[in-house]
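Results of the structural survey
Residue strings, one per chain:
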Amino acid sequence: MNSLFRSRSPAALMRLAQSTVLTLACAASGMAWAQSKPAVDKQTLVIALDKEVQSLDAQVTASGDSQRYALQIYDTLYGFDAKGNIIPRMAESYDISQDGLTYTFKLRKGIKFHNGDELTSEDIKFSVERIIDPASRSTRRPYFAPVIDRIETPDPLTVVMTLKYPDGAFLNKVAGFLFITGKQYTASLAKPEDFAASPIGSGPYKIKENRIGQFLTLERFEDFYGTKPDIQTITYKYIPEATSRVNAILTGEVDIAAKLPLADVARLRSEPSLTVISNPVSSPMHVRLYSDDPESPLHKRDVRLALNYAIDADAIIKSVFHGIGAPMGTFISKFYPYGSSPDIQPYGYDPAKARELLKKAGYPNGFDIVLNDAVGTPKEMAEAVAAYLGQVGVRVKINRIDYAAWSRLNNAHKTGPMTTTQFTNAIYDPIHPIGGSFKKDGPWSNYYNPEVEALITELDSTTGADARGALFRKIGKLLHDDAAALLVTELFDVFAMKKDVDWEVQEGSGFINFRQVGWK
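As a starting point, this report considers the structure included with it. In this convention, every chain numbers its residues from 1, walking through the sequence in written order. In keeping with the predicted nature of the model, local features appear solely for residues at pLDDT of at least 70, side-chain atom pairs appear and are counted solely at 80 or more, and the whole-chain, interface and lining totals rest on all residues. Computation of side-chain values covers all heavy atoms of the structure but excludes hydrogens and water.

1. Some remarks on the pairing of strand S12 (residues 274-289)
The line we're drawing: Burial status follows relative accessibility: with a 1.4 Å probe on protein chains alone, a residue under 20% of its type maximum counts as buried, one over 50% as exposed, and anything between as partly exposed. Labels follow the DSSP assignment, with helices taken as runs of H or I lasting at least four residues and strands as runs of E lasting at least two, numbered in each case from the N terminus. For two strands to be treated as a pair, DSSP must find at least two bridges joining them.
Counting buried positions along S12 gives 13 out of 16 residues, so the element sits mostly inside the fold. Sheet topology places S12 next to strand S16 (residues 485-498); twelve bridges connect them, and they run antiparallel. Within S16, the position partnered with valine 287 by the bridge is leucine 486. With four bridges joining them, S12 and strand S15 (residues 418-421) adopt antiparallel strand pairing. Looking at S15, one finds that histidine 286 is bridged to threonine 421.

2. Topic: the sheet that holds strand S6 (residues 148-155)
Quick reminder of the rule: Here, axes are lines fitted to C-alpha atoms. For helices the fit covers the stretch in contact, and angles between N-to-C directions go from 0 to 180 degrees. Residues count as neighbours in contact if any of their non-hydrogen atoms are within 4.5 Å of one another.
Overall, antiparallel pairing links the four strands, which are arranged S4-S5-S7-S6 in an open sheet. Sheet topology places strand S4 (91-96) and S6 at the edges, where each strand pairs with a single neighbour. The mean angle between the axes of side-by-side strands here comes to 20°, regardless of whether they run parallel or antiparallel. Of the strand pairs in this sheet, S6 and strand S7 (residues 158-163) are connected by five bridges, and their pairing is antiparallel. When the sheet's bridge partners are listed, glutamate 152 is paired in S7 with valine 160. Lying over the sheet, helix H4 (residues 121-132) contacts strand S5 (102-107), S6 and S7, oriented at roughly 165° with respect to S6.

3. Focus on the packing of aromatic side chains
Put simply, the rule is: Between 30 and 60 degrees the pair is tilted, below 30 it is stacked and above 60 it is edge-to-face, where a pair is any two Phe, Tyr or Trp rings, Trp via its six-membered ring, whose centres lie within 6.5 Å.
A full pass over the atoms with the stated rule returns 24 aromatic pairs. On the basis of an interplanar angle of 80° and a centroid distance of 5.5 Å, the ring pair of phenylalanine 423 and tryptophan 444 is categorised as edge-to-face. Remark: tryptophan 444 occurs in the loop between helix H15 (431-437) and helix H16 (450-460) and phenylalanine 423 occurs in the loop between S15 and H15; sequence separation between them is 21 residues. Of the two residues, phenylalanine 423 and tryptophan 444, both sit in the buried class.

4. Side note on the sheet that holds S12
The sheet built from ten strands is open, its strands ordered S8-S9-S10-S1-S11-S16-S12-S15-S13-S14 with mixed pairing. Looking at the sheet topology across the chains shown, the edges are occupied by strand S8 (205-211) and strand S14 (394-401). When strand S1 (residues 44-49) meets strand S10 (residues 233-238), the two strands line up parallel, connected through six bridges. The partner of threonine 44 across the bridge, within S10, is threonine 233. On the sheet, helix H10 (residues 301-310) packs against S12, strand S13 (367-374), S14, S15 and S16 and is oriented at approximately 45° with respect to S16.

5. As for the pairing of S8
Sheet topology places S8 next to strand S9 (residues 215-220); six bridges connect them, and they run antiparallel. In the sheet register, glutamate 209 faces S9, and the bridge partner there is threonine 217. Between S8 and S9, which follow one another and run antiparallel, lie three residues, and glycine 213 among them has a positive phi close to 80°.

6. So, the layout of surface pockets
Rule in force here: Using a 1 Å grid laid over the protein atoms alone, points where a 1.4 Å probe fits but cannot get out form a cavity; open sets with protein on both sides within 12 Å along at least 5 of 7 lines form a pocket; any residue with an atom within 4 Å of a point counts as lining. Grid points are joined across faces, edges and corners, and a volume is the space filled by probe spheres set on the points. Note on residue categories: nonpolar means Ala, Val, Leu, Ile, Met, Phe, Trp, Tyr, Cys or Pro, charged means Asp, Glu, Lys or Arg, and polar means any other residue, Gly included.
In this structure, the second largest pocket encloses a volume near 810 Å³. In terms of lining, the second largest pocket is formed by 32 residues, of which the most central are Ser55, Val60, Thr61, Ser136 and Arg137. Its residues assigned to classes, the lining of the second largest pocket comprises 14 nonpolar, ten polar and eight charged.

7. Here we look at helix H8 (residues 242-250)
The condition is simple: Nitrogen and oxygen atoms within 3.5 Å of one another constitute a polar contact, given that in protein one can donate a hydrogen and the other can accept it, and given that sequence-neighbouring residues count only through two side-chain atoms.
Of all nine residues making up H8, eight are buried, and the element is well covered by its neighbours. Listed in full, the buried residues belonging to H8 are Ala242, Thr243, Arg245, Val246, Asn247, Ala248, Ile249 and Leu250. Taking the backbone nitrogen of threonine 243 as reference, a side-chain oxygen 3.2 Å away marks glutamate 241 as the first, capping residue of H8. In the stretch just after H8, glycine 252 is the one whose phi turns positive, near 85°.

Put into structure tokens, the structure is as follows:
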């Protein structure tokens, strides 16, 4: 392995030094590490997040943003349990017509929004139409606008959604994307973006205080129709510096810390008063390639193949991710319930082959290119990728961007020609990452392959895990052979929480779910 990855990067050494200084200072002052008592009290939960919430409008913002709060503030007709099984929420039942075009949902009685308005079928209709409306700029629009023909409300507790064509993942999309807002309140606002400043949902928690850049505090909604959480108040503290999040959980400042640095996992696991969870999120950590620009080197398949052969994914996982990861042969995560292709092997590290492919593509001396890297992604990964590509002649300039700014640019397809990114599972069906990243009109796609497009169209009328899984395996092979993305690793989120916190992490998903949480 290259000596670059046998030692820590300067940034990693700096963090280690900072942590060591703080450890010595705490020892000198007699401060105890890993405090097990609540940060506030047993009616409160304090959580350290790695980045602030960009927008509180869960119908509009990207999943990577809304996954931190949406399940607390909003509700859906159907949802997912901790294992990814579809369960009823606002709807008590549904029926699908024989032709697969009509979904009839029966709503529960007595559901209220945080402002006291009572839920009716008109709110469901309004929510869907708001997402579909281009003026809302919803990142969910591509999953509903092409398929929904009309929505009818024959009575206050019945919603009938008629599709233009069958959609095998429609119920998954409803469960993962269709967060419900109240028609009366939302329609009264002057403009769509006003909702994010003062959102009203119907979930188990409502907003108490939102201090931009500092914290978001939620309080339990006492009129929630479902099982009320034991916790009265949830406070998300934004602590972007990874070392500071580790120190926050060790010193008892917070009760749960999310997205912890992998370098600290072993140390955290040695603390008897903490529980450490390494949770697969069915998310490929990768470099998204803008390959739809004919003037870009990335438009050529041989160049994209060269980039994949140029990096040593195993070495990056061992060094940057401290062994907590897995190389990927295909973009579809092996942690999805179906659709992955374990027989497709990763490209492997072959710099000689990478140079040969670059020469074949017309770049014997390589080329210059920009890699946009969002704060929140390990910057050492971007540095490692750049170093490996540099060894085959591809000279990479890293542009580190604040996450909120990066997200706005990414939603507008302006993070090219390359950007580090992940794609978190939101609906437990691979159509989410595939449709989002590799469908011609996907919200984050700058890629087009007619064979992939045809298979995605076929998926629209295909139901059942076996049948859908077979089509996704074909797509995974096509994307692999076309080197559609620069694959690095499966992603795992690491949480640390105090032993007395009673909480089950949402598996195989990046969503944080505090609907059932308490103190032992």
